Amino acid sequence: MAIRSKIFCETYHEDIKLLNTYWSKAWMGLFIIGLFILPFLGDTYMVYMVNLCCIATVAAVGLNLLTGFTGQISLGHAAFLAIGAYTGTILSEGLNMPFWVTVPAGGLVAAAAGILVGIPCLRLKGLYLAMATMSFGVMVEYVLITLKGVTGGERGMYMPEVDVFGMVLNTDESIYYFLLVITAIMIVAAKNIVRTRVGRAFVAVRDRDIAAEVMGVNLTLYKVMAFALSSFYAGVAGVMYAYVMGHIHPEHFTMLHSVEYLAMIIVGGLGSILGSIFGAIFIVVIPEFIKILAQTIEEAIPAMAGKYDDEWNIAAFGLLIMLFLIFEPGGLNSIWQRLKIGFKNWPFTY
Amino acid sequence: MAQLEIQDLTLNFGGITALSGVAFNVQQGDIHALIGPNGAGKTSLFNVISGIYRPSQGQAVFEGNILNKTSPHRIAAMGVARTFQNIELFQHMSVIDNLLLGRHLHMGTGILSGAMFYGKALREEVRNRLRVEEIIDFLEIEKVRKKPVGSLPYGVQKRVEIGRALANDPRILLLDEPVAGMNVEETEDIARFVLDVKEELGITILMVEHDMGVVMDIADRVTVLDFGILIADGTPSQVQANPKVIEAYLGEGDEEQWNVN
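Worth saying up front: this structure is predicted, and the values here are computed from it rather than measured.

**Things to note about the overall build of chain A**
- Helix and strand counts for chain A come out as 15 helices and four strands.
- Scaling as 2.2 N^0.38, a compact globule of 350 residues should have a C-alpha radius of gyration of about 20 Å, and chain A matches this with 21 Å.
- Taken over the C-alpha atoms alone, chain A extends approximately 70 × 60 × 45 Å along its principal axes.
- Counting across all 350 residues of chain A, residues that qualify as buried make up 48%.
- With an accessible surface of roughly 18,000 Å², chain A has 71% of that area assigned to carbon and sulfur atoms.

See the structure below:
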């Protein structure tokens, strides 16, 4: 066999495959195996953190489809998570529905809400759209607190443990696999959507809306579709969240959370699925790192003892995001792409 | 019957009249040039045809369908494609993706089938890619097909934009200043492509252009606008000899000043 020095494709089908080299397939295989054996390697807390990463990833991918790909900024993403989470909980607790009903239903109800928000937002752009979606988020929060009969108001709601065909997943380790499968499906679906007709239309709407329309893209339809799709992802993430936490409360879905999701896609890389994953993991994990770092400093310098609190964590977090915006506007994804090019050309520098 | 009929078109912006009572026909298979000094309303006319502006009066009729009653994406579906004066490509997409977006109307993959990327959606991607590759060959942009459009030089971007419009398989192609800002060689290339589009693909072309050399060489018919009013319409030689056109371009009077050379 001849040594393949580059990727040679003989059909267009080969050319558009996601994993088109032996190496990328091998790495992906290793990565999946690694994810499956993770619970055996780490402790429960680590698995719990990965669970949170999965939820954040699905939510961030959804927001990136809307904000990164279609260019429609949203400050109400957490509200769609809330709609998904409450829908899932009500169906599961009240009607005893299994997970394969609650997860898609949470997504679909959130998507319906997304369409309702998307239609009046069609004519809004930039800051105005941010304001409109933000007010939607505040409205949802208010409704969740006021509608005590349905949502439990300030007390929140309890989600039963997820039952996968008779198997009750009541530990972080067992629910981990459940979340992993949903997350994988959602990521692959997003990846496929953005490389086909709908995804191209989304990017076209973002880059040049007038040219997109002149080329035959129905602007109204695609903007609403982006809202619906993004909210579907948020809704699914919401149901996942409810299953992991077991308890949901209006305070889990505030505007601050929406801003956090926005931070995820900015840090990760706007308009990139991989970037959303990086960003979600980064934002979930970094506060832990800051905490560990603070503890190390406290131990090393006695004068610093007792100075650390959560406020400091938030401040450090904000600083990190600022630094990212200044030094790496393309986000973690562009760092990754540069590394990849470096490896590809190794041992040459170009 | 003409393929595209502009009938008594008037376009007002507040107090400004961009077009007033413009009427002319574009025949099937012609290269029809639209010329006139800056601010004559050429691009405004294009925007009316492609549905971005609504005229105050009159209409544009393409193959029997009234264009300006409907939205731009429906007009695209009728077989009208265009390029823009200032390149309006999707900067962050590759050349292939830009052209595939041009195939938007010829594809049917929705969110669900796209998410699976299997069967019909996959076949559709491959089939349309074939057509896109034909256009890439036609415009000789093979080398840059996977590059993001924003990183390409101006002349190539102009060519990609023609490609994106062609990907729509239009029956009429509106070109807004296809050779603006190009050197002689690039201009000749584009002129050759425009002739090929007409002869090989049989697509009618309506073209706004300031380069009189190109217009007089390749156009079958020329329409001249000045301050939103149609002042001449005919073959290139007729238009060239028209005193109103000369006046519009060179200004009135002082013959002596022009006779110096």
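**Some details on the packing of aromatic side chains**
- According to the stated counting rule, one finds 13 aromatic pairs over all chains in the structure shown.
- Each member of the aromatic cluster is reached from another via a ring pair, and the members are Phe36, Tyr176 and Tyr177 of chain A.
- The ring of Phe117 of chain B has Arg195 of chain A lying over it, and the distance from NZ or CZ to the ring centre is 3.6 Å.
- One residue, Arg164 of chain B, lies across the ring of Phe90 of chain B, its end atom 4.7 Å from the ring centre.

**Considering the domain arrangement of chain B**
Residue and element names in this part refer to chain B.
- Per the domain assignment, the segments of chain B are domain 1 (1-79 + 171-261) and domain 2 (93-169).
- The gap between the C-alpha centroids of domain 1 and domain 2 is 28 Å.
- Listed by partner, the interface residues are 22 residues for domain 1 and 13 residues for domain 2.
- In this assembly, domain 1 and domain 2 are joined by two salt bridges.

**So, the sheet that holds strand E9 (residues 221-226) of chain B**
Residue and element names in this part refer to chain B.
- Taken together, six strands build an open sheet; the order of strands is E6-E7-E8-E3-E9-E10 and the sheet is mixed. Looking at strand neighbours, the two that pair on one side only are strand E6 (80-82) and strand E10 (229-234), the edges of this open sheet. Sheet twist, expressed as the average angle between the axes of neighbouring strands with direction ignored, equals 15°.

Basis of the calculations
Residues numbered from 1 in each chain as written. Chains lettered and ligands numbered in written order. Predicted model: local features only at pLDDT ≥ 70, side-chain atom pairs only at ≥ 80, totals over all residues. Heavy atoms only, no water. Helix = DSSP H or I, 4+ residues; strand = E, 2+ residues; numbered from the N terminus. Rg over C-alpha atoms; globule rule 2.2 N^0.38 Å. Buried < 20%, exposed > 50% of the residue type's maximum accessible area, 1.4 Å probe, protein only. Areas by Shrake-Rupley, 256 points an atom, 1.4 Å probe, with all protein chains shown as cover. Phe/Tyr/Trp six-rings, centres within 6.5 Å; stacked < 30°, edge-to-face > 60°. Lys NZ or Arg CZ within 6 Å of the ring centre and 35° of its normal. Domains from an automatic or database assignment. Contact = heavy atoms within 4.5 Å. Salt bridge = Lys/Arg side-chain N within 4 Å of Asp/Glu carboxyl O. Pairing = 2+ DSSP bridges. Axes fitted to C-alpha atoms, helices over the stretch in contact; angles between N-to-C directions.

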